[in-house]
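# Summary of the model geometry
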Amino acid sequence: MSGKTYDAVVIGSGVIGSSITYELARRGMRTLTIDRNGGAGLGSTSFSSAIVRFTYSTYPGVAMSYEGLRYWENWADHLQLPHGADLAKFRQCGMVTLKTVGGHHLKVVPHFDSIGIPYEDWDLEAFEFHLPELDLHKFGPPKRPDDNEFWKEPSELLEGGLFTPEAGYVSDPQLAADNLYRAASTLGCEFRFKTEVTAITRSDSKVTGVGLGDGSFISTPVVVNAAGPHSRFVNEMAGALDDMSIRTTPLRQEVHHVPTPVELDFENRGFSIADDDNGIYVRPDLGDNVLVGSTEPDCDPLHWVDPDYEGQIDIQQWEAQVLRLNRRLPAVGIPHQRRGIVGVYDVSDDWIPIYDRTCVDGFYVAIGTSGNQFKNAAIAGHCMSELIDAVENGRDHDSDPVSVTGLHTGLTIDMGNFRRSRTINPESSMSVHG
Ligand SMILES: Cc1cc2nc3c(=O)[nH]c(=O)nc-3n(C[C@H](O)[C@H](O)[C@H](O)COP(=O)(O)OP(=O)(O)OC[C@H]3O[C@@H](n4cnc5c(N)ncnc54)[C@H](O)[C@@H]3O)c2cc1C
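Residues numbered from 1 in each chain as written. Predicted model: local features only at pLDDT ≥ 70, side-chain atom pairs only at ≥ 80, totals over all residues.

## Considering the site of the ligand
Here is the rule: Using a C-beta atom placed from the backbone, a residue is described as near a molecule or strand when that atom lies within 6 Å of it. Only DSSP runs of H or I covering at least 4 residues are called helices, and only runs of E covering at least 2 are called strands; the numbering of each starts at the N terminus. Amino acid classes used here: Ala, Val, Leu, Ile, Met, Phe, Trp, Tyr, Cys and Pro are nonpolar; Asp, Glu, Lys and Arg are charged; the rest, including Gly, are polar. An automatic or database domain assignment provides the domain bounds reported here.
The ligand sits among 40 residues. The nearest are Gly12, Gly14, Gly43, Gly228 and Gly434. For the shell around the ligand, the elements supplying multiple residues, two or more each, are α1 (15-26), β14 (248-259) and β18 (340-348). Among the residues making up the shell around the ligand, the classes are represented as 17 nonpolar, 19 polar and four charged. Built from parts of two domains, the shell around the ligand gets at least three residues from each of domain 1 (8-86 + 172-247 + 350-418) and domain 2 (91-166 + 257-347).

Structural data, given as structure tokens:
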């Protein structure tokens, strides 16, 4: 075994691992980031719908995502890449959360009010003004097309919606990860692609390094697990599962890409839609497309899979999502071709990420991103680096959790909310709107 020493090794160069790497380097650490894939952001990040929204059901979720927004708004400043670099673009199209009785919007509003996040309360007249093509009938609770109830014509209308004008989406999630990788490289960070971490070594309960697939060994006192859907395997390798009460498990997920008629001009007139009434989330896309994903309604089976799972579009799921979209936005029509992606979420038991240290000294986790942490990649990198810095300098984060102040909003993010040993948060929605 040959040896080389780094201040920290990051496992995974998705959007989360690349961001953590960049932030560690900004704090002066000498890092090596290792990924099995051939480049940055080629894992679950590349499938992301990359919606940036703040409609989380818990205060920390809202605060973190609102601070995260400012990074996307100032992406070029954040990266400090040379002029002319090809950067991912943030498109601020806004997002509406449709109101249902006892729905998600009720959890969100108090947090928006306490933070001061702008929102508009849309009644049906406001929808008529902004996008009259939307059918605001109450279709829910969500059903599958093979259920006769799916086809019944509803008579009741929804209550309206909550519109957040600052929400949006990032044009190319893989490019965003690549941007972070290049920004980190500019600071001297090393990346090793097509390389697998196969072992994490320790002396007593302290990390000493990682073993690689080619038999070599890297010595380091700090290892960060940012392995996305492989997170649980990497935790097992480190022997870090002992006091982890929240588990992470890979979940299959489909997002469909549906062309929209040119006259609808959804790319410019449209906005993202969180539609719990119908079990879908929707966002505009470049080139007159609309993306439609699932909010995991009870009627849709969940498919827990192997982290290396690669699948094809499932006809029944495509029909369910595309037909639900058609009920809400009939102008879209049914496309001839089934287009979309099949990706994998790394889901935690309460769909809230784990950003924490572990019972193995020097071994940290940024995992369980549960289909909703792309938007938080930059702020998560900042928070993880603050946490690692504090713990490596003697802070007992378990008994005295690190709090991070957002550089842009001044909001306080209590990292104790994302700990590995929490009880399942009953406020969590256990699903995502992107
Ligand atoms: C279909 C889909 C839609 C989504 N939509 C949204 C959305 O609209 N908004 C939002 O905020 N979030 C969304 N997300 C979630 C978001 O994309 C993820 O939370 C985020 O991309 C996870 O990034 P990551 O870096 O943790 O994981 P990944 O991108 O999976 O990166 C992990 C990397 O670790 C590497 N790795 C694993 N094990 C090893 C090992 N042993 N050795 C070396 N390398 C290893 C892998 O090769 C991989 O590249 C979505 C996700 C999916 C799948």
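What follows picks up the thread again.
## Focus: the pairing of strand β17 (residues 289-294)
Cut-off, in case you're wondering: Here a residue counts as buried when 20 or more other C-beta atoms fall within 10 Å of its C-beta, as exposed when 12 or fewer do, and as partly exposed in between; the C-beta atoms come from the backbone. In this scheme, strands are said to pair when DSSP sees at least two bridges between them.
Extensive coverage of β17 is indicated by the burial of five of its six residues. The pairing of β14 with β17 spans four bridges and is classified as antiparallel. Pairing of Val258 across the sheet is with Val290, part of β17. Relative to β17, strand β16 (residues 280-285) is paired through six bridges, and the arrangement is antiparallel. Of the residues in β17, the one forming a bridge with Val282 is Val292. Taken together, β16 and the strand that follows it, β17, pair antiparallel across an intervening segment of three residues, in which Gly287 is found at a positive phi of about 75°.

## Quick word on the domain arrangement of the protein chain
Counted only if it meets this: Contacts are defined on C-beta atoms placed from the backbone: any two residues whose C-beta positions lie within 7 Å are in contact.
Structurally, the protein chain comprises domain 1 (8-86 + 172-247 + 350-418) and domain 2 (91-166 + 257-347). Computed over C-alpha atoms only, the centres of domain 1 and domain 2 are separated by 29 Å. Every contact between the two is made by 25 residues of domain 1 and, on the other side, 22 residues of domain 2. Elements supplying a minimum of two residues to the side of domain 1 that touches domain 2: α2 (59-73) and α7 (231-238). Per-element tally for the side of domain 1 that touches domain 2: the top contributor is α2, with five residues. Looking at the side of domain 1 that touches domain 2 residue by residue, the classes come out as 13 nonpolar, 11 polar and one charged.

## Topic: the sheet that holds strand β8 (residues 168-170)
Ordered in space as β3-β8-β4, the three strands form an open sheet in which the pairing is antiparallel. With one partner strand each, in any of the chains shown, β3 (51-52) and β4 (90-91) form the two edges of the open sheet. Across two bridges, the pairing between β4 and β8 is antiparallel. Bridging from a neighbouring strand, Phe90 pairs with Val170 of β8.

## Here's the deal with the pairing of strand β7 (residues 161-164)
In the case of a regular strand, side chains alternate between the two sheet surfaces. Alignment of strand β5 (residues 95-98) against β7, held across four bridges, turns out to be antiparallel. Looking at the pairing, Leu98 lines up with Gly161 of β7. Note: strand β6 (residues 120-122) against β7, three bridges, orientation antiparallel. In the strand pairing of β7, Trp122 is matched with Gly161.

## A look at the sheet that holds strand β11 (residues 206-212)
Through backbone hydrogen bonds, the strands of a sheet pair up, either in parallel or in antiparallel fashion. Cut-off, in case you're wondering: To define axes, lines are fitted to C-alpha atoms, for helices over the stretch in contact only, and angles between the resulting N-to-C directions are given on a 0 to 180 degree scale.
In spatial order, the strands read β10-β11-β12; together these three strands make up an open sheet with antiparallel pairing. For this open sheet the edge positions go to β10 (197-203) and β12 (217-219), each flanked by a neighbour on one side alone. Neighbour-to-neighbour, the strand axes of the sheet open up by a mean angle of 25°, direction not taken into account. Sheet topology places β10 next to β11; six bridges connect them, and they run antiparallel. Counterpart to Arg202 in the pairing with β11 is Val207.

## A closer look at the environment of Cys299
Looking at the element boundaries, Cys299 is found in the loop between β17 and α9 (315-328). A count of 14 C-beta atoms within 10 Å places Cys299 in the partly exposed class. Leaving out residues up to four positions away in the same chain, Cys299 has contacts with Pro142, Lys143 and Arg144.

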